[in-house]
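Tertiary structure, described
So the chains spell out like this:
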Amino acid sequence: MHTLFALITLALAAAVFAWEGLCCLRTGDFRAELSRRFSCEHALFGDFCWGQRQKLAGPLYFAALFVLLFGRIFLHASQLYTVTPPWVYGSMYLLYPVIYILLLCKFFFCTRYDLRQLLVVLAFYIFTMAAILPAYEQDIFALFGFAAAFKDISWRKALAWFAAFTTAMAAVLIVLSLSGVLLIWHPEFSSRMELGFENPNHLSRVLLSIVTAFLLLLPAQKRQLAALWMLLPTLLFVKKFPGSRSVFLALAVLILLCLLFPLVCRVLQNRAIRGLLSAVPLFLLAASAVAAWGYDPSNAVWEKIARFSNGRLQNWRYTTTLASPRLLAQELPKSPAPGMDAPIIDNSYFYMLYRGGILLTIVLVILSCLLIYRLLKARRYWFVCVLFCWITHSPFESFFFCIFSNFMLLLFAPLLFGQPFPEDGTPSKAT
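Attention now moves to the pattern of salt bridges. With the rule as written, the count across this model stands at six salt bridges. Glu397 is the salt-bridge partner of Arg312, the closest N and O atoms lying 2.8 Å from each other. With Arg312 in helix α16 (residues 312-322) and Glu397 in the loop between α19 (381-393) and α20 (412-417), this pair connects stretches of sequence that are 85 residues apart. We note that Arg312, like Glu397, is buried.

As structure tokens, then:
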């Protein structure tokens, strides 16, 4: 119901913006006037109380971000509590209407859009809703909402609040687990969970979100040194305690890129290399499909790849036996194995292909490729390094297209609105 409400309000806003922008056109210079008004930014209800409305933009946006992270990080571990909480595990999805209301208020009342930008948002939303309605992927709606409402929000403030919220929630879970308030995920398991998180991969992913956010918050001249005093200890901790191979590999790639950043700047001047790097998400989608459908357990090479993937390759292959990709989203059939509701797909591209459908997968992969291309063209090389850290992580986990972990998806907003990307501290000339 709240999705339909969002669509109706977006359509009404588009109608109001169109009326405000196109009414009273002079017939003498119709084309010039139409072009000017079509590209002229204006707010809903004009300038009525604009100063007061503008002050609410940041609080509304960051409140929505807090609700999202609270649900996806803190409530996600709610079944670990010894004292039964007043919510159930699935109740975090009830927070999404709160997120949408906050973002819609920011979108309609606190931001100036032009008609082109509004039509892009409306078309993208209608397509997304039509594509994923059969499976109702809440995280894709959240991705759209945060990107659409990101206009005029400071990148640095958004990053700082993201890092602060995530760190605070992770710290509370760790303190609760060390104090003995938390139990294991399920009574029949014999071992305690990892510091308040239901599995080590989730703990590692949250740590990856925190350290990559703080890396971009540091002054540019200190980021190479941060590879040694911040990223390297996190990598050793992840390797020793949670044991997440995907996060270990992602951090190893990021540390290497940070230490060799001057060389990275020179290499990325090459147009052919920029073209190849821009197509990496497409290559990973193709490689995931080949691995899933071509896996042969009797082949020694495939078995080595399967061992490296820590069972993920078998999960991808198992998914292909239960269902086939569809044009639009689908609910995957339940696993016949006892105790398992649905197959586990620890691959962002393969997960999107099977859950989100072929159309949505193509759109998001193309947007990812275009984002990398635009970042490389604009010389935002620090952004590229962090984005490739998450891209390294993406074939082994299903969270790449989720805004609650991959904050780099906020850069979809300037991409969609045709605006310049924020500065990231890359030197003006390669050194």
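Here the focus is the packing of helix α4 (residues 57-74) against helix α7 (residues 138-148). Between α4 and α7, the shortest axis-to-axis distance is 12 Å and the interhelical angle comes to 160°. Between α4 and α7, the angle falls in the class roughly antiparallel. Crossing of α4 over α7 shows left-handed handedness. Where α4 abuts α7, its residues Tyr61, Ala64, Leu65, Leu68 and Arg72 lie against Asp139, Ala142 and Phe146. In terms of residue class, the contact of α4 with α7 is made up of six nonpolar, no polar and two charged.

Within this structure, the stated rule accounts for zero disulfides. Cysteine Cys105 shares no disulfide, and the gap to the nearest cysteine sulfur, in Cys110, comes to 7.6 Å. Note on Cys105: relative accessible area 27%, which makes it partly exposed.

Topologically, Leu103 is positioned in helix α5 (residues 96-109). As a C-alpha pair, Leu103 and Ala149 span 46 residues in sequence and 6.2 Å in three-dimensional space. Excluding anything up to four places from it in sequence, Leu103 contacts Tyr61, Ala64, Gly145, Phe146 and Ala149.

Running from N to C, helix α14 (residues 280-294) and helix α18 (residues 358-377) point in directions that differ by 145°, and their axes come no closer than 8 Å. For the pair α14 and α18, the contacting residues are Pro281, Leu282 and Leu285 in the first and Thr361, Val365, Ser368, Cys369 and Ile372 in the second. Class assignment for the residues of the contact of α14 with α18 results in six nonpolar, two polar and no charged.

Now for the confidence of the model for the protein chain. Of the residues in the protein chain, 82% have a pLDDT of 70 or more, and the chain-wide mean is 83. Within the protein chain, the element-level pLDDT minimum falls on helix α1 (residues 2-22), averaging 63, and the maximum on α19, averaging 96. Counting interchain partners and residues more than four positions distant, the pLDDT-below-50 stretch residues 184-192 has 14 contacts.

What follows covers unusual backbone geometry. Although it is not a glycine, Asn310 adopts a positive phi angle of roughly 55°. In this structure, Asn310 sits in the loop between α15 (300-308) and α16. Under the relative-accessibility criterion, Asn310 is labelled partly exposed at 49%. For Arg379, which is not a glycine, the phi torsion comes out positive at approximately 60°.

Moving on to the nonpolar core. Tyr61, Phe146, Trp155, Leu216, Leu231, Phe407 and Met408 are the most contacted members of the largest nonpolar core, which has 121 residues in total. Core analysis: the second largest hydrophobic core is formed by 13 residues, Ala292, Leu332, Phe350 and Tyr354 among them.

This next bit is on the packing of aromatic side chains. One pass over the full model with this rule turns up 28 aromatic pairs. Aromatic pair Phe66 and Phe165: ring centres 5.2 Å apart, planes at 70°, arrangement edge-to-face. In this pair, Phe66 sits in helix α4 while Phe165 sits in helix α8 (residues 155-178), placing the two residues 99 residues apart along the sequence. Judged by centre distance (5.9 Å) and plane angle (70°), the ring pair of Trp293 and Phe350 falls under edge-to-face. In this pair, Trp293 is assigned in helix α14 and Phe350 in helix α17 (residues 348-356), connecting sequence segments 57 residues apart.

Taking 1.5 Å of rise per residue, 18 residues should cover 26 Å, and helix α10 (residues 223-240) covers 24 Å from first to last C-alpha, within 8% of that figure. The largest bend in α10 comes to about 35°, at Leu231, with the proline Pro233 one to four residues further on. Here α10 has its buried residues at Arg223, Ala226, Ala227, Met230, Leu231, Thr234, Leu235 and Val238. Residues of α10 that are buried in the fold lie against α9 (200-217), α11 (245-259) and α19.

Cut-off values and rules
- Residues numbered from 1 in each chain as written.
- Predicted model: local features only at pLDDT ≥ 70, side-chain atom pairs only at ≥ 80, totals over all residues.
- Heavy atoms only, no water.
- Salt bridge = Lys/Arg side-chain N within 4 Å of Asp/Glu carboxyl O.
- Helix = DSSP H or I, 4+ residues; strand = E, 2+ residues; numbered from the N terminus.
- Buried < 20%, exposed > 50% of the residue type's maximum accessible area, 1.4 Å probe, protein only.
- Axes fitted to C-alpha atoms, helices over the stretch in contact; angles between N-to-C directions.
- Parallel < 35°, antiparallel > 145°, perpendicular 65-115°, else oblique.
- Left-handed = near helix turned anticlockwise from the far one by under 90°.
- Contact = heavy atoms within 4.5 Å.
- Nonpolar A, V, L, I, M, F, W, Y, C, P; charged D, E, K, R; others polar.
- Disulfide = S-S within 2.5 Å.
- pLDDT = per-residue confidence, 0-100.
- Core = buried A, V, L, I, M, F, W, Y, C linked by side-chain atoms within 4.5 Å.
- Phe/Tyr/Trp six-rings, centres within 6.5 Å; stacked < 30°, edge-to-face > 60°.
- Expected span 1.5 Å × (residues − 1).
- Bend = angle between axes of the 7 residues up to and from the residue.

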